[in-house]
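Reading the structure
Chain residues, written in single-letter form:
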Amino acid sequence: MRLAIVREPIDVERLRREVERDDFGGVTVFVGVVRCRDDDGRSVTGLSYEAFEPMAIAAFEAIAGEARERWSGVALAIEHRIGDLSVGEVAVAVAAAAVHREAAFAACRYAIDQLKQRAPIWKKERYADGSGRWKENACGR
Amino acid sequence: MNVRVLSFARVREVLSSGQMTLDLADGATAADLWSALERGCPPLRELAASTRIARNGRVVDGCEPLRDGDEIALLPPVGGG
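Predicted model, so just to flag it, every value in this text is computed and none were measured.

1. Notes on the interface of chain B and chain A
- Taken together, the contacts link 18 residues of chain B with 20 residues of chain A.
- Inspection of the region where chain B meets chain A yields three salt bridges.
- Residue Arg12(B) pairs with Glu50(A) through a salt bridge whose shortest N-O separation is 2.4 Å.
- The tally of links between chain B and chain A comes to 15 residue pairs in polar contact (both at pLDDT 80 or more).
- If you list the elements that add at least two residues to the side of chain B that touches chain A, you get α1 (9-15) and β5 (71-75) of chain B.

Structural data, given as structure tokens:
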């Protein structure tokens with residue numbers, strides 16, 4: 001089970017293969033991408049992420065364990081990138097696989113929602129004028 | 001006693017340092033540590049309500065006693081994903 005903080009670009013296809021199994025019929029992958037505008041419509045040139053890595057990995061492990069309990073036997077893989085990312089780059093990917101699609105969708109959704117609430121990871125939005133702002137997660141975003 | 005203090009994001013910027021060692025009186029708590037940091041850096045006060053304190057990888061409340069050699073992390077509201 002791959003649960004990682006990485007500094008290099010995330011290979012989404014490789015993460016999907018981490019959860020493959022011959023008896024799993026459903027695989028869901030969520031990909032979080034850096035977008036060019038913030039919620040107020042301001043142009044964003046990129047995001048800078050940082051993490052407290054030991055606690056972030058512990059949070060990923062706790063979340064994956066909870067998901068396996070709720071959706072019996074589901075397989076999860078999570079990668080979150082840190083450092084300076086540009087618009088269009090992948091910041092986070094979550095892959096979930098299960099026998100049927102319901103569990104794969106539900107576990108994937110659960111994992112990304114919990115990650116955003118609980119993992120000690122931070123992002124700063126960078127703007128064209130060189131300024132920046134730390135961006136906290138609101139519920140459901 | 002000496003504790004190692006790690007800070008992140010907004011807190012790191014206000015403290016101008018991501019990592020420091022702090023010498024505290026024996027019996028000091030997490031709240032005492034924060035007060036000591038605020039005395040050295042008054043703008044930190046604004047972040048007191050929103051910052052969580054982790055001791056050796058576990059979030060604690062202010063009355064948690066600290067020990068020599070602890071690793072304390074100052075965690076502002078998260079923004080992952």
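2. Some words on the pattern of salt bridges
- The tally for this structure, following the rule as stated, stands at 26 salt bridges over all chains.
- One salt bridge connects Arg10(B) with Glu136(A), and the closest N-O pair in it is separated by 3.2 Å. Pair noted here: Arg10(B) is in helix α1 and Glu136(A) is in the segment after β8 (132-135), and the two residues belong to different chains.
- Given the relative accessible area of 28%, Arg10(B) is considered partly exposed.
- Overall, Glu136(A) belongs to the partly exposed group, its relative accessible area being 39%.
- Here the salt bridges share partners, and the residues they tie into one network are Arg35(A), Asp38(A), Asp39(A), Asp40(A), Glu125(A), Arg133(A) and Lys135(A).

3. A word on the sheet that holds strand β3 (residues 44-51) of chain A
Residue and element names in this part refer to chain A.
- Strand order in the open sheet formed by four strands is β5-β3-β7-β8, and the pairing between neighbours is antiparallel. Since the sheet does not close on itself, it has two edges, and those belong to β5 (83-86) and β8, each with one partner. The average angle at which neighbouring strand axes cross in this sheet is 25°, direction not considered.
- The pairing of strand β7 (residues 121-127) with β8 spans four bridges and is classified as antiparallel. Bridge pairing in β8 links Arg126 to Gly132.

4. With respect to the side chain of Arg55(B)
All names here are of chain B.
- Looking at the element boundaries, Arg55 is found in strand β3 (residues 52-55).
- Assessed through its relative accessible area of 18%, Arg55 is described here as buried.
- Reaching out from Arg55, the side chain makes a polar contact with the side chain of Glu64 at a distance of 2.9 Å.
- Other than its neighbours up to four places away in sequence, Arg55 contacts Val60, Glu64, Pro65, Leu66, Arg67, Asp70, Glu71 and Ile72.

5. So, the packing of aromatic side chains
- Counted by the stated rule, this structure contains three aromatic pairs over all chains.
- Between Trp122(A) and Phe8(B), the ring centres sit 4.9 Å apart and the planes meet at 10°, which makes this aromatic pair stacked. Here Phe8(B) lies in the loop between β1 (2-7) and α1 and Trp122(A) lies in strand β7, a pairing that spans two chains.
- By the ring-pair criterion, three or more aromatic residues cluster together here, those being Phe52(A), Trp122(A) and Phe8(B).
- Note that Arg42(A) overlies the ring of Tyr127(A), its terminal NZ or CZ placed 3.7 Å from the centroid.

6. Remarks on helix α2 (residues 30-40) of chain B
Residues and elements named next belong to chain B.
- Residues of α2 that are buried: Ala30, Leu33, Trp34, Leu37 and Glu38. Viewed end-on, α2 has its buried residues packed into an arc of 140°, placing them on one side of the element. Residues Arg39 and Gly40 are exposed on α2 and point more than 90 degrees away from its buried face.

7. Topic: the side chain of Asp38(A)
Residue and element names in this part refer to chain A.
- Its location among the elements puts Asp38 in the loop between β2 (26-33) and β3.
- Within the local environment of Asp38, its side chain forms a polar contact with the backbone nitrogen of Asp40, the two atoms lying 2.9 Å apart.
- Only 2.8 Å separates the side chain of Asp38 from the backbone nitrogen of Arg42, close enough to count as a polar contact.
- Once residues lying within four places of it in the same chain are set aside, the contact partners of Asp38 are Val44, Glu125, Tyr127 and Arg133.

Thresholds applied
Residues numbered from 1 in each chain as written. Chains lettered and ligands numbered in written order. Predicted model: local features only at pLDDT ≥ 70, side-chain atom pairs only at ≥ 80, totals over all residues. Heavy atoms only, no water. Contact = heavy atoms within 4.5 Å. Salt bridge = Lys/Arg side-chain N within 4 Å of Asp/Glu carboxyl O. Polar contact = N/O pair within 3.5 Å; in protein donor to acceptor, adjacent residues only side chain to side chain. Helix = DSSP H or I, 4+ residues; strand = E, 2+ residues; numbered from the N terminus. Buried < 20%, exposed > 50% of the residue type's maximum accessible area, 1.4 Å probe, protein only. Pairing = 2+ DSSP bridges. Axes fitted to C-alpha atoms, helices over the stretch in contact; angles between N-to-C directions. Phe/Tyr/Trp six-rings, centres within 6.5 Å; stacked < 30°, edge-to-face > 60°. Lys NZ or Arg CZ within 6 Å of the ring centre and 35° of its normal. Arc of directions from axis to C-beta.

By themselves, these observations are geometric and do not establish any function.
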